[in-house]
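Summary of structural features
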Amino acid sequence: MTLVNYEPWSLLGRLQHQLNQPGFSNKALADNDSDYSNVTTSRWSPAVDIKEEANRFLITADLPGVDPKDIEITMDNGVLSIKGERQSEAREENEGYKRVERVNGAFYRRFSLPDTADAERIEAKGKNGVLEITLPKHEKVQPRKIQVNG
């Protein structure tokens, strides 16, 4: 008798992996998602991390192959937009590609920001294929610790 390792949840894990792949249109899933701060509208979507710190928000986006000077960042009515394009390389049919997973073309991401973000002091820098956007918080809304005297 041969023992076979059976993992019933592996199929769900593979499905989750497929859904997270760039280029997968997850609009139908986003309708049921409780996070409406992010709207994706493009052929491919760069991976983005958003971190809240005591005095700022930090957005980090993976944009390999995109020149930082070709990225357009705008802020309008509390919505931060990141737009750009990864240029496709000229490929000949006979070059022997067995698999092509890297998606090229335009991308466009939008993020609704909280009122605590200071739109006047946003900074962005790009290095090694990573875009980093710093959104400072307004001075007046930062929490203040109050000493209790006894």
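Residues numbered from 1 in each chain as written. Predicted model: local features only at pLDDT ≥ 70, side-chain atom pairs only at ≥ 80, totals over all residues. Heavy atoms only, no water.

Brief notes about the environment of Glu 53
What counts is decided by this rule: Every helix listed is a DSSP run of H or I at least four residues long, and every strand listed is a run of E at least two residues long, numbered separately from the N terminus. The cut-offs for exposure are 20% and 50% of the maximum accessible area for each residue type, with area from a 1.4 Å probe on protein chains only; residues under the lower value are buried, those over the upper are exposed, and the others partly exposed. Contact between two residues is taken to exist if any of their heavy atoms lie within 4.5 Å; hydrogens are not considered. Two N or O atoms count as a polar contact when they lie within 3.5 Å, although within protein this holds only if one can serve as hydrogen donor and the other as acceptor, and sequence-adjacent residues are included solely when both atoms are side-chain atoms.
Relative to the helices and strands, Glu 53 resides in the loop between strand S2 (48-52) and strand S3 (56-62). Overall, the relative accessible area of 22% leaves Glu 53 in the partly exposed class. Residues Glu 53 and Pro 136, 83 residues apart in the sequence, show an inter-C-alpha distance of 9.3 Å. Those residues in contact with Glu 53, other than ones at most four positions away along the chain, are Leu 58 and Lys 137. Side-chain polar atoms of Glu 53 contact the side chain of Arg 56, separated by 2.5 Å.

Some remarks on the sheet that holds S2
Operational definition: Pairs of strands are assigned from DSSP output, requiring at least two bridges between the strands. The axes are straight lines fitted to the C-alpha atoms, using for helices just the contacting stretch, and the angles between their N-to-C directions are given from 0 to 180°.
Spatially, four strands are ordered S2-S3-S8-S7 in an open sheet, and the strand pairing comes out antiparallel. The sheet is open, and its two borders are formed by S2 and strand S7 (123-127), each paired with just one other strand. Within this sheet the neighbouring strands show an average axis-to-axis angle of 15 degrees, counted without direction. Sheet topology places S2 next to S3; five bridges connect them, and they run antiparallel. Residue pairing for S3: Ile 50 is matched across the bridge by Ile 59.

Side note on the confidence of the model for the chain
Convention followed: Known as pLDDT, the predictor's confidence for each residue is given on a scale from 0 to 100.
Of the residues in the chain, 66% reach a pLDDT of 70 or more, and the chain-wide mean stands at 78. Taking the mean pLDDT of every element in the chain, the minimum, 44, falls on helix H2 (residues 27-30) and the maximum, 96, on strand S8 (residues 130-136). For residues 25-39, every residue scores under 50 in pLDDT, and the model assigns this stretch 14 contacts once sequence neighbours within four places are set aside.

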